[in-house]
Amino acid sequence: MAMELMKMPQLGESVTEGTISKWLVKPGDHVTKYDPLAEVMTDKVNAEVPSSFTGIIKELKADENQTLAVGEVICSIEVETAKTDNENAGQVSHIEEKVDAPVIKDVQQAAEPSRKARYSPAVLKLSQEHGIDLSKVKGTGNEGRITRKDLLKLVESGNLPKADEPSAISDAAPEEIAPQVNRQTSPVTNVPTAAGDKEIPVTGIRKAIASNMLKSKHEIPHAWTMVEVDASNMVKLRDNLKSDFKQKEGYNLTYFAFFVKAVAQALTEFPELNSMWAGEKIIQKKEINISIAVATEDALFVPVIKNADEKSIKGIAREIQELASKVKSGKLKAEDMQGGTFTVNNTGSFGSVQSMGIINYPQAAILQVETIVKRPVVINDMIAVRDMVNLCLSLDHRVLDGLVCGRFLARVKEIIEKISKDNTPIY
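Source: prediction; values computed, not measured.

**Overview of the overall build of the protein chain**
A count of helical and extended segments in the protein chain gives 10 helices and 19 strands. Within the protein chain, contacts between residues separated by at least 24 positions form 67% of all contacts whose residues are at least 6 apart in sequence. Looking at the protein chain as shown, the accessible area adds up to about 23200 Å², and 51% of this sits on carbon and sulfur atoms.

Encoded structure:
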């Protein structure tokens, strides 16, 4: 018999951790390969984690609602036959270990001592919260790595090794401390609390949103510009069509679909905005894949409309409805979130008239479509009431300059203002 360890898989692009939302097995259960073990929630997707082995569940290493870094052990499975090293080559979602091979483990530790200093996000977070010097902690994990449970035991015991204390329990070499210092990016803020204050635990999704937003603001030099658009023709056309469209198609013809189509069309003419910064070069993407922001009560998801320039307004409206439904029902998949090249955010849906969006990293721009409001405007020296909307563009100033962005916005404005039943097919 051999013991195999199931680890937290990477369930999407740039996903670094996942939260066990529900266990589907318990110790003693027999599972076959590919049977679902747990439901895992990340910032990008909710998914079931399948077993990589056939055997008996021995121990669940994490509780429900516990967040684990990619690669951390979630459970152990007792299997009848152990796989050879050759059979294990190339596997990404888990790492198999034999519990009866201490000699091999010691050799690996001696050959690769630096691995012990590669700490998971969960370990780093706990060490920062409690001021623990990780160089003075002896790990019990794979190849001597420090695990979340190691730190929790120290916290419970009250014996926390601090940076100014002599090392009593560490076997780490001095050169192993450097990677830890590099990984700890910022200290935990100590916020004073008073009676009646409510502490709300930060979920895995909220932490991922915070991390992505911080990365965007730290790395991308944001600039901002805005144009005012007369959307009266678009509003009139859509209002004339919406009832028949809903009856025929079964879903709404929204204003947002017209804006997404206009943006996709303008991107074909100004491909500079469909680009990404890549250090020594700028990557101009061939496909126009529009990311749209969809909010829930406590999270934000950004699914993608693939090849939006090739779709009709009806096709875009259908995808908006389908992606929004997937988000609200928790059925959004990782592939629904991947490949976006430009983001359009419908901030007008909650009444916003002007906003400065944070760019969806690593894209080069995000367009905020604000609410449409009736306002008096001057046309041919006369005052008229028109349906007006602000389009607000945040741009990566490493990739884009004001001239091309101004021309892009002017083109989107022109498309919207010239919409009519004669030149704007819905199908």
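Now that the structure has been shown, the text picks up again.
**Focus on the pattern of salt bridges**
Counted under the stated rule, the structure contains 14 salt bridges. Between Asp336 and Lys326 there is a salt bridge, and its shortest N-O distance comes to 3.4 Å. Note that Asp336 is positioned in the loop between helix 9 (313-329) and strand 16 (342-345) and Lys326 in helix 9, a separation of 10 residues in sequence. The exposure class assigned to Asp336 is buried, which follows from its relative accessible area of 13%. Between Glu414 and Arg411 there is a salt bridge, and its shortest N-O distance comes to 2.9 Å. With Glu414 and Arg411 both in helix 10 (residues 402-417), this residue pair falls 3 residues apart, about one helical turn. Within the structure, one salt-bridge network assembled from shared partners comprises Glu269, Arg411, Glu414 and Lys418.

**Some points on the packing of aromatic side chains**
Using the criterion set out here, one finds 3 aromatic pairs in the structure. Their ring planes at 80° and their centres at 5.4 Å tell us that Phe245 and Tyr251 sit as a pair that is edge-to-face. Judged on exposure class, the residue Phe245 and its partner Tyr251 are both buried. Pairing Phe245 with Tyr427 gives two aromatic rings, centres 6.1 Å apart and planes at 35°, and the pair type is tilted. With Phe245 in helix 7 (residues 232-249) and Tyr427 in the segment after helix 10, this residue pair connects regions lying 182 residues apart in the sequence. Ring pairing ties together the aromatic residues Phe245, Tyr251 and Tyr427, which thus form one cluster. Across the ring face of Tyr255, the terminal group of Arg238 is positioned such that the distance to the ring centre comes to 4.3 Å.

**Let's talk about the sheet that holds strand 5 (residues 46-50)**
The strands that make up a sheet pair up through hydrogen bonds in the backbone, lying either parallel or antiparallel. Reading across the sheet, the 4 strands line up as 5-4-2-7 and stay open at both edges, with antiparallel pairing between neighbours. Looking at the sheet topology across the chains shown, the edges are occupied by strand 5 and strand 7 (67-69). Taken pair by pair, the neighbouring strands of this sheet meet at an average axis angle of 40°, ignoring direction. Sheet topology places strand 4 (residues 36-41) next to strand 5; 5 bridges connect them, and they run antiparallel. Considered in strand 5, the bridge of Met41 is made with Asn46. Against the sheet, helix 6 (residues 204-219) engages strand 2 (17-23), strand 4 and strand 7, with an angle of about 165° to strand 2.

**Thoughts on helix 8 (residues 255-269)**
For helix 8, spanning 15 residues, the distance from its first C-alpha to its last is 22 Å, which sits close to the expected 21 Å at 1.5 Å a residue. Residues of helix 8 that are buried include every one of Phe256, Ala257, Phe258, Phe259, Val260, Ala262, Val263, Ala264, Ala266 and Leu267, and no others.

**Quick look at helix 7**
Along an α-helix, a turn takes 3.6 residues, which lines up residues three or four apart on a common side. The end-to-end C-alpha distance of helix 7 is 24 Å, a good match for the 26 Å that 18 residues give at a rise of 1.5 Å each. Buried within helix 7 are the following residues: Ser232, Met234, Val235, Leu237, Arg238 and Phe245. Lining the buried residues of helix 7 we find strand 9 (222-230), helix 8, helix 9, strand 19 (382-396) and helix 10. Two residues or fewer past helix 7, Gly250 is found with a positive phi of approximately 90°.

**A few points about the sheet that holds strand 8 (residues 73-79)**
Taken in spatial order, the 4 strands make up an open sheet running 1-8-6-3, and their pairing is antiparallel. The strands lining the two open edges of the sheet, one partner per strand, are strand 1 (2-7) and strand 3 (30-31). For strand 1 and strand 8, the ladder comprises 6 bridges, and the chain directions are antiparallel. When the sheet's bridge partners are listed, Met6 is paired in strand 8 with Cys75.

Conventions adopted
- Residues numbered from 1 in each chain as written.
- Predicted model: local features only at pLDDT ≥ 70, side-chain atom pairs only at ≥ 80, totals over all residues.
- Heavy atoms only, no water.
- Helix = DSSP H or I, 4+ residues; strand = E, 2+ residues; numbered from the N terminus.
- Contact = heavy atoms within 4.5 Å.
- Areas by Shrake-Rupley, 256 points an atom, 1.4 Å probe, with all protein chains shown as cover.
- Salt bridge = Lys/Arg side-chain N within 4 Å of Asp/Glu carboxyl O.
- Buried < 20%, exposed > 50% of the residue type's maximum accessible area, 1.4 Å probe, protein only.
- Phe/Tyr/Trp six-rings, centres within 6.5 Å; stacked < 30°, edge-to-face > 60°.
- Lys NZ or Arg CZ within 6 Å of the ring centre and 35° of its normal.
- Pairing = 2+ DSSP bridges.
- Axes fitted to C-alpha atoms, helices over the stretch in contact; angles between N-to-C directions.
- Expected span 1.5 Å × (residues − 1).

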